[in-house]
Amino acid sequence: METLTTRGRATRLAATALGLAVLLAGTAWGTDDHFPFGPFRMYSTSNPPNSPAPDTRVEGVDSTGAVVELGEAATGIRRAEIEGQQSRYAADPELLTEVADAYAERHPGAAELVEVRIVVRWHGIRDGRPTGRWTDETVVAWQADR
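Computed from a predicted model, the values in this text were never measured in an experiment.

A.B. asks: Help me out: how do you make sense of the sheet that holds strand β3 (residues 113-126) in this one?
C.D. replies: Note on sheets: strands pair through backbone hydrogen bonds, and any given pair is parallel or antiparallel. Strand order across the open sheet formed by four strands is β2-β1-β3-β4, with antiparallel pairing between neighbours. One side of each edge strand has no neighbouring strand; the edge strands of this open sheet are β2 (67-69) and β4 (129-143). Direction aside, the axes of adjacent strands within the sheet are offset by 35 degrees on average. By the bridge criterion, 10 bridges tie strand β1 (residues 53-62) to β3 in an arrangement that is antiparallel.

Following this line, the structure appears as structure tokens:
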């Protein structure tokens, strides 16, 4: 086994110091988008014990009136991508045509989607435990020109 040279030790020490400095800066001033050096606030916080818990989904209505689940298997678009850009969809619901197009591409024989919506199901929580009650809120909707 060879001994690490002084230059090798200095290089490793500098790389470690740089990594720690970036990690510290990301923790102090970064956001979750600065992975892997961000603060990971999603893991360090929790909702109050009596606040409802959100569960976001995307669904569509086809030309026959059937409601279609537009999850990752149906569109290739992950739910996290939808949730992360929800404010963009709210500002411009026309962007939901991308979801409809992705669905049509994966299901060429299916009835055409005439509506796509982002729905948040708010699960009731009491003392940190689920109550079994929920309400749905449509936060963004796009309808095709008919």
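A.B. asks: Would you explain the pattern of salt bridges in this entry?
C.D. replies: Two side chains that carry opposite charge are able to pair once their charged atoms sit near each other. Under the counting rule described, the total for this entry stands at eight salt bridges. With a closest N to O distance of 3.1 Å, D136 and R57 form a salt bridge. Linking D136 in strand β4 with R57 in strand β1, this pair joins segments that are 79 residues apart in sequence. Look at D136 and you get partly exposed, because its relative accessible area is 37%.

A.B. asks: Even after reading the chapter, I still don't get the packing of aromatic side chains, so can you show me in this structure?
C.D. replies: The geometry of an aromatic ring pair is captured by two quantities: the separation of the ring centres and the angle between the planes. Counted according to the given criterion, the structure contains zero aromatic pairs. Residue placement shows R121 over the ring face of W134; its charged tip is 3.6 Å from the ring centre.

Conventions we followed
- For every chain, the first residue of the written sequence is number 1, and numbering continues from 1 along that sequence.
- Side-chain atom pairs in this predicted model are given and counted only at pLDDT of 80 or more, local residue features only at pLDDT of at least 70, and totals for whole chains, interfaces and linings cover all residues.
- The side-chain values count all of the structure's non-hydrogen atoms but skip hydrogen atoms and water molecules.
- Any two strands between which DSSP finds at least two bridges are classified as paired.
- In this description a helix means any DSSP run of H or I spanning at least four residues, a strand means any run of E spanning at least two, and both kinds are numbered starting from the N terminus.
- Axis lines are fitted to C-alpha atoms, over the contacting stretch for helices. Their N-to-C directions set the angle, which ranges from 0 to 180 degrees.
- By salt bridge we mean one thing: a side-chain nitrogen of Lys or Arg within 4 Å of a carboxyl oxygen of Asp or Glu.
- Summary of the burial criterion: residues with accessible area below 20% of their type's maximum are buried, those above 50% are exposed, and those between are partly exposed, where the area comes from a 1.4 Å probe applied to protein chains only.
- Pairing of aromatic rings covers Phe, Tyr and Trp, the last counted by its six-membered ring, and requires centre-to-centre distances within 6.5 Å; plane angles under 30 degrees mean stacked, over 60 mean edge-to-face, and any other angle means tilted.
- Whether a charge lies above a ring is judged from NZ of Lys or CZ of Arg, which has to be within 6 Å of the ring centre and within 35 degrees of the ring normal.

Note that all results are geometric; they support no functional claim without further evidence.
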